Amino acid sequence: MTHDGDAGVPGSLARVLADVTAERAAQDARWGMQILPDGTGDEGTVAESDRARHETEAAAAGGVLTWRHILAEEVMEAFAETDPERLRAELIQVAAVAVKWTQALDRRPPSGPSAVESDSGRATPPERFRAIVDVHVLLLRDIHDESRDSVHGETHSRTHVLLARRKGTGYGDGLWHLPSGHLEAGESVTEAAVREAGEELGVVIDPADLTFAHVMHRAPERVGLFFATRKWTGDPYNAEPDKCSELAWWPVDALPRGEMIGYPAAAIANVLDGAPFALYEWSPDRS
């Protein structure tokens with residue numbers, strides 16, 4: 001099963017943390033428990049922290065952000081702290097970024113030629129690229145639209161999609177998103193869609209009632225599968241209030257502009273256009 005922090009690769013976080021634990025044990029075995037002063041907070045480290053932050057912001061704005069920028073900023077922010085509690089919080093961020101960087105290294109194929117030599121001297125193929133797959137559910141229903149009623153007494157309805165406003169997740173908080181989540185090990189994509197709808201909205205969907213609507217390859221490693229349905233059991237409600245602040249039905253042709261995460265908005269537009277596939281955030285020369 002894939003857990004939060006695994007970056008779509010089951011066991012990724014546990015593997016790195018086990019390596020960290022082993023390294024800590026090796027350090028204690030060699031040097032014992034070390035009681036040393038912090039040595040942080042002098043004027044020079046404060047200035048270095050500011051420089052590291054500005055360098056990271058400039059790299060992000062210029063599209064050349066690297067792990068070095070991010071880790072250096074976190075390290076220098078720790079070096080600038082004197083308050084023990086704030087220093088501890090900064091060191092935890094340093095450790096978290098280092099772990100995430102390590103996970104990113106583990107996901108990369110071996111560098112160099114297309115094949116590497118094993119201990120036996122034989123050439124072995126490089127590790128295959130593994131994409132992170134996520135599933136998204138479009139719950140659709142027609143809602144009466146009084147603004148479109150004609151003077152002749154005709155009634156009109158408009159197709160709406162259920163969106164959730166994210167909160168407290170660290171990604172897209174405050175923005176609208178489709179019910180979604182990662183594909184877990186051992187489950188089909190339709191099983192994942194049914195599970196996510198149940199976990200987030202409290203509804204039950206028969207996999208047979210899901211219709212494939214769109215697939216999107218988001219650079220560089222995300223593949224999103226979008227399913228639509230007009231049939232479910234139960235009234236949708238906010239089943240994860242720690243991750244969602246509200247639910248709302250939005251017209252599919254009038255989504256909350258500027259208040260929605262970009263790629264699901266693009267996917268819904270593609271669904272309306274009948275486009276089964278799209279690339280997202282790939283550089284123009286590669287699309």
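The coordinates are above.
A brief report on the enclosed structure follows. Computed from a predicted structure; not experimentally measured.

Bringing helix H1 (residues 12–31) into the picture now. Taking 1.5 Å of rise per residue, the 20 residues of H1 would be expected to cover 28 Å, and the 29 Å separating its terminal C-alpha atoms lies within 8% of that figure. One or two residues past the end of H1 sits Gly-32, with phi positive at roughly 70 degrees.

To describe a pair of aromatic rings, you give the distance between the ring centres and the angle between the ring planes. All chains considered together, the criterion is met by five aromatic pairs. Look at Trp-67 and Trp-101: their rings are 6.4 Å apart centre to centre, the planes differ by 15 degrees, and that puts the pair in the stacked class. Here Trp-67, found in helix H3 (residues 67–79), pairs with Trp-101, found in helix H4 (residues 84–107); they are 34 residues apart in sequence, far enough to count as distant. Judged by its relative accessible area of 23%, Trp-67 is partly exposed. Ring geometry for Phe-212 versus Phe-227: centroids 6.2 Å apart, planes at 75 degrees, classification edge-to-face. Within this pair, whereas Phe-212 is found in strand S7 (residues 211–218), its partner Phe-227 is found in strand S8 (residues 222–229), the two being separated by 15 residues in sequence. Looking at Phe-212, the relative accessible area reads 44%, which means it is partly exposed. On the basis of relative accessible area, Phe-227 is assigned to the buried category, the value being 7%. One residue, Arg-218, lies across the ring of Tyr-263, its end atom 3.7 Å from the ring centre.

Before going further, it helps to examine the nonpolar core. Counting residues in hydrophobic clusters, the biggest one holds 18 residues, and the most contacted among them are Leu-138, Val-161, Leu-178 and Phe-226. Secondary structure elements with two or more residues in this core: strand S3 (132–144), strand S4 (157–166), S7, S8 and helix H6 (262–273). Top element by residues in this core is H6. It accounts for three residues. Aside from chain neighbours lying at most four places away, what touches Leu-178 is His-136, Val-137, Leu-138, Val-161, Leu-162, Leu-163, Phe-226, Pro-264 and Ile-268. Listed in part, the twelve residues of the second largest apolar core include Leu-162, Leu-201, Val-203 and Val-215.

Attention now goes to unusual backbone geometry. A cis geometry characterises the amide bond from Ala-219 onward to Pro-220, with omega recorded as -10 degrees. Structurally, Pro-220 can be placed in the loop between S7 and S8. Of note, the phi angle at Glu-281 is positive, near 65 degrees, even though the residue is not glycine. Considering the arrangement of structural elements, one finds Glu-281 in the segment after strand S10 (277–280).

Here we take up the environment of Leu-175. Among the structural elements, Leu-175 can be located in the loop between S4 and strand S5 (176–177). The class of Leu-175 is partly exposed, set by a relative accessible area of 27%. Sequence separation between Leu-175 and Ser-245 is 70 residues; the distance between their C-alpha atoms is 9.8 Å. Other than its neighbours up to four places away in sequence, Leu-175 contacts Ala-164, Arg-165, Arg-166, Gly-258, Glu-259, Met-260 and Ile-261.

In the structure shown here, the tally under the stated rule is 16 salt bridges. A salt bridge links Arg-195 to Glu-196, with the shortest nitrogen-to-oxygen separation between them at 2.8 Å. Of the charged contacts, one joins Asp-209 and Lys-231 as a salt bridge, the two residues approaching to 3.8 Å between their closest N and O atoms. Note that Asp-209 is positioned in the loop between helix H5 (189–201) and S7 and Lys-231 in the loop between S8 and strand S9 (244–251), a separation of 22 residues in sequence. Accessibility expressed as a relative area gives 53% for Lys-231, which makes it exposed.

Further remarks concern H6. Here H6 contains twelve residues, and its C-alpha end-to-end distance of 17 Å stays within 8% of the 16 Å for a straight helix at 1.5 Å per residue. Residues of H6 that are buried include every one of Tyr-263, Pro-264, Ala-267, Ile-268 and Asn-270, and no others. The buried residues of H6 all sit within an arc of 160 degrees when viewed along its axis, so they share a single face. Tucked into the core, H6 has its buried residues touching S3, S4, S5, S7, S8 and S10. Of the residues flanking the end of H6, it is Gly-274, one or two places downstream, whose phi is positive at about 75 degrees.

With that settled, consider the pairing of S8. Among the eight residues of S8, six are classified as buried, and the element is accordingly described as predominantly covered. From the end of S7 to the start of S8, which pair antiparallel, there are three residues.

What counts as what
- Residues numbered from 1 in each chain as written.
- Predicted model: local features only at pLDDT ≥ 70, side-chain atom pairs only at ≥ 80, totals over all residues.
- Heavy atoms only, no water.
- Helix = DSSP H or I, 4+ residues; strand = E, 2+ residues; numbered from the N terminus.
- Expected span 1.5 Å × (residues − 1).
- Phe/Tyr/Trp six-rings, centres within 6.5 Å; stacked < 30°, edge-to-face > 60°.
- Buried < 20%, exposed > 50% of the residue type's maximum accessible area, 1.4 Å probe, protein only.
- Lys NZ or Arg CZ within 6 Å of the ring centre and 35° of its normal.
- Core = buried A, V, L, I, M, F, W, Y, C linked by side-chain atoms within 4.5 Å.
- Contact = heavy atoms within 4.5 Å.
- Salt bridge = Lys/Arg side-chain N within 4 Å of Asp/Glu carboxyl O.
- Arc of directions from axis to C-beta.
- Pairing = 2+ DSSP bridges.

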